[in-house]
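# Structural overview for review
The lines below spell out each chain.
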Amino acid sequence: MTTSRYLPDRGLSARMGFTIFLLGALFVVLGSVLVYYFAFWGLVFVGGFLAVQWFFSDRIALYSMGGHEVTPEQAPQLHAIVDRLCALADMPKPKVAIADTDVPNAFATGRSPKRAVVCATTGIMRRLDERELEGVLSHELSHVAHRDVTVMTLASFVGVLAGFLTRMAIYSGMFGGRRSSNNDSGGAPVILIITLVSVIVYALSFLLTRTLSRYRELAADRAGAFLTGQPSALASALTKISGEMGRIPTKDLRQAEPFNAFFFTPAVAPGFSISSLFSTHPSLEKRLDQLGRISAELGRPTA
Amino acid sequence: MKWLDAALGRNKPTGPDLDRLFGVPDAAITLQVSLGMLPTGLGSVCFRAAEGAAFSTMQDDLQQLLDADGGPKVEASTDAYGFTWLLARHDPADVPGLVTELHAVNSTLQDNGFGPAVLCSLVGFTASDGRRLALVYLSKRGTFYPFAPSGAEQRDTALELQVRSAVAEDMRIEPDLARWFPVWGAPGL
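These numbers were taken from a predicted model, which means no experiment stands behind them.

### A word on the overall build of chain A
Of the regular secondary structure elements, chain A holds 13 helices and five strands. Taken across its 303 residues, chain A has 46% of its residues classed as buried. Restricting the contact set of chain A to residue pairs at least 6 apart, pairs at least 24 apart contribute 79%.

Structure representation (structure tokens):
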């Protein structure tokens, strides 16, 4: 009888599903207000903006991190690790890139597993040994397998739309006040309603997308640990990096994420770094707890 | 329900597909007839050992089981990437026996819940001019690819492509060339 050591986390799946449901419900609220007041163009504009961001996510993230693609001859070790992990996971091999920065970080991005790119910084490669680096890469490849760029782009749609509308409402309140008073007297309440709904939706979706992001990090940790069979190596990599991150001057960290400031949605960026955005990641304690449970499960004697 | 799994961020680790491993004996005959390459009698299985007592106990039991037949002992080694290789030696003429042994290793791993840990299995061949070749079996895909090292970290791509067309009827060759990853210095090569 074939046994499986893979233990699904139904609680995590349920929490993630519920978060996605709430985001969808928010979108329905915002969308119905918009359609009611004919602000359809905002929907199209934000949709198009996010579509472009999603479509070029690999190039945007690589460019902003200063990463460049490397051939197997240039980085044989990194390629060999990715080769093996992809063969274990039965997934197509993504492009492999290296960013020349001392910030210990790694990320995976791209709109589909076939168009994905995995990037490690020279800082992380210097600090981690091979097992730990493999753990980090298995975490990043799990993001690719879970299509996290697509899921998070869709999830952030509501928030970006609400943020966009809030800004537009403020601008039109500042510059368009005279026009609305000359025209229909019903103009002011419409802007007020849209602003109010947008602000509330923005606040809620901000919290929800971050919650979802944390769940997805846990899911990637879990899938990565099962892939390599070495949860403790990933745990040790996480501990090392979190310790190192605290000691690095903030200037480096800010340089590492310029495109978060560039887009007006800092909540979710289309790259999934292992440590640069603390608030989008679960606490180290939580991640280590989960990895510890997986380790115990893998070591369980065969029944 | 692939989209649902993606939405909920879960994926079941893939287990191996072992039946196609038995295509090797036919391919060995073809290689001998068309390219003059002979089996070396060496074969190996590569897997990622999981941490914890369960895996090491299973590996010890497995090695005892394989050594019980009185033939040459199975050798275990760990490569630079932390993967374990179990090397089996057989009479070069007995390719089916070698494949059966490789299959036993694979299925033992699977029966103990470590199926997803299997990376690949390979069978070694050599030509009279000293060129070496391995038929690598990607367990997760159920496909083979040829790997022919020539010198330090160089591949004899011409020979690999030659082998691909020669054995295409005996076994399923991995169509995605990006998955033909090199296994430098693998035991059994």
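### Side note on the overall build of chain B
Within chain B one finds five helices and six strands. Whereas a compact globule of 189 residues would reach a radius of gyration of roughly 16 Å, chain B reaches 17 Å, a difference of no more than 12%. With the C-alpha coordinates of chain B rotated into their principal frame, the extents come out at 50 × 45 × 30 Å. Counting over 189 residues, chain B shows a buried share of 42%. Looking at chain B alone, contacts between residues at least 24 apart form 69% of all its contacts between residues at least 6 apart.

### Concerning the sheet that holds strand E2 (residues 75-78) of chain B
All names here are of chain B. With respect to topology, six strands assemble into an open sheet ordered E2-E3-E1-E4-E5-E6, the strand pairing being antiparallel. Each edge of the sheet is formed by a strand with only one pairing partner; in this case those strands are E2 and strand E6 (143-147). Going from strand to strand, the sheet's axes swing by 25 degrees on average, the running direction of each strand aside. Helix H2 (residues 24-35) rests against strand E1 (37-47), strand E4 (118-127) and strand E5 (132-138) of the sheet, and its axis sits at about 145 degrees to E1.

### Here we look at the interface of chain A and chain B
In this complex, chain A contributes 44 residues to the contact, which on the side of chain B involves 37 residues. Among the secondary structure elements, those contributing two or more residues to the side of chain A that touches chain B are helix H1 (10-36), helix H4 (76-89), helix H6 (130-145), helix H9 (187-228) and helix H13 (284-299) of chain A. If you tally residues by element for the side of chain A that touches chain B, the top one is H4 of chain A, at eight residues. Residues of the side of chain A that touches chain B, tallied by class, amount to 20 nonpolar, 13 polar and eleven charged.

### A few points about the pairing of strand E4 (residues 117-121) of chain A
Side chains on a regular strand alternate between the two faces of the sheet. Residues and elements named next belong to chain A. Counted residue by residue, E4 has five buried out of five residues, so it is predominantly covered. The two faces of E4 match: Val117, Cys119 and Thr121 on one face and Val118 and Ala120 on the other face are all buried. In this structure, strand E2 (residues 95-99) lies alongside E4, joined through five bridges in parallel fashion. When the bridges of E4 are listed, Ile98 appears paired with Ala120. In terms of strand pairing, strand E3 (residues 106-109) meets E4 through four bridges, oriented antiparallel.

### What about helix H3 (residues 53-67) of chain B?
All names here are of chain B. Here H3 contains 15 residues, and its C-alpha end-to-end distance of 21 Å stays within 8% of the 21 Å for a straight helix at 1.5 Å per residue. Among the residues of H3, those classed as buried are Phe55, Met58 and Gln59. Down the axis, H3 shows its buried residues gathered within 100 degrees of arc, on one side only. Along H3, exposed side chains directed more than 90 degrees from the buried face belong to Ala53, Asp60, Gln64 and Asp67.

### Some words on the confidence of the model for chain B
When pLDDT is averaged across chain B, the result is 87; 99% of the residues are at 70 or more. For this predicted complex, the interface confidence score (ipTM) comes to 0.85, while the overall pTM stands at 0.82.

### Describing the nonpolar core
Grouped burial of nonpolar side chains is what soluble globular proteins tend to show. Counting 126 residues, the largest nonpolar core has Cys119 and Leu141 of chain A together with Val136 of chain B as its most contacted members. At 15 residues, the largest contribution of residues to this core is made by H9 of chain A. Leu141 of chain A has contacts with Leu85, Cys86, Ala89, Met91, Ala108 and Val118 of chain A, leaving out every residue within four places of it along the chain.

### Concerning the pairing of E4 of chain B
All names here are of chain B. Burial of E4 is extensive: eight of the ten residues sit out of reach of the surface. Direction of pairing for E1 relative to E4: antiparallel, over a ladder of eight bridges. Bridge pairing in E4 places Leu38 opposite Thr126. Note: E4 against E5, seven bridges, orientation antiparallel. Among the inter-strand pairings, Gly124 is bridged to a residue of E5, identified as Ala134. Hairpin connection between E4 and E5: a loop of four residues separates the two successive antiparallel strands, and Gly130 in this loop has a positive phi of roughly 95 degrees.

### Looking at the packing of H4 of chain A against H6 of chain A
Residues and elements named next belong to chain A. Orientation of H4 relative to H6, taken along the N-to-C sense of each, is 50 degrees, at an axis distance of 10 Å. What the angle tells us is that H4 and H6 run oblique. Crossing of H4 over H6 shows right-handed handedness. Note on element contacts: H6 touches H4 through Leu133, Glu134, Leu137, Ser138, Leu141 and Ala145, opposite Ile81, Val82, Leu85, Cys86 and Ala89. Each residue belonging to the contact of H4 with H6 can be placed in one class, and the counts come to nine nonpolar, one polar and one charged.

### A closer look at the environment of Thr40 of chain B
Residue and element names in this part refer to chain B. Locating Thr40 in the fold gives a position in strand E1. Take Thr40: there are 19 C-beta atoms within 10 Å of it, and that puts it in the partly exposed class. In this structure, the C-alpha to C-alpha distance between Thr40 and Asp91, residues 51 residues apart in sequence, is 8.2 Å. Once residues within four sequence positions are removed from consideration, Thr40 is found in contact with Pro92, Gly124, Phe125 and Thr126.

Rules used throughout
- Residues numbered from 1 in each chain as written.
- Chains lettered and ligands numbered in written order.
- Predicted model: local features only at pLDDT ≥ 70, side-chain atom pairs only at ≥ 80, totals over all residues.
- Helix = DSSP H or I, 4+ residues; strand = E, 2+ residues; numbered from the N terminus.
- Buried ≥ 20, exposed ≤ 12 C-beta atoms within 10 Å, placed from the backbone.
- Contact = placed C-beta atoms within 7 Å.
- Rg over C-alpha atoms; globule rule 2.2 N^0.38 Å.
- Pairing = 2+ DSSP bridges.
- Axes fitted to C-alpha atoms, helices over the stretch in contact; angles between N-to-C directions.
- Nonpolar A, V, L, I, M, F, W, Y, C, P; charged D, E, K, R; others polar.
- Expected span 1.5 Å × (residues − 1).
- Arc of directions from axis to C-beta.
- pLDDT = per-residue confidence, 0-100.
- Core = buried A, V, L, I, M, F, W, Y, C linked by C-beta atoms within 7 Å.
- Parallel < 35°, antiparallel > 145°, perpendicular 65-115°, else oblique.
- Left-handed = near helix turned anticlockwise from the far one by under 90°.

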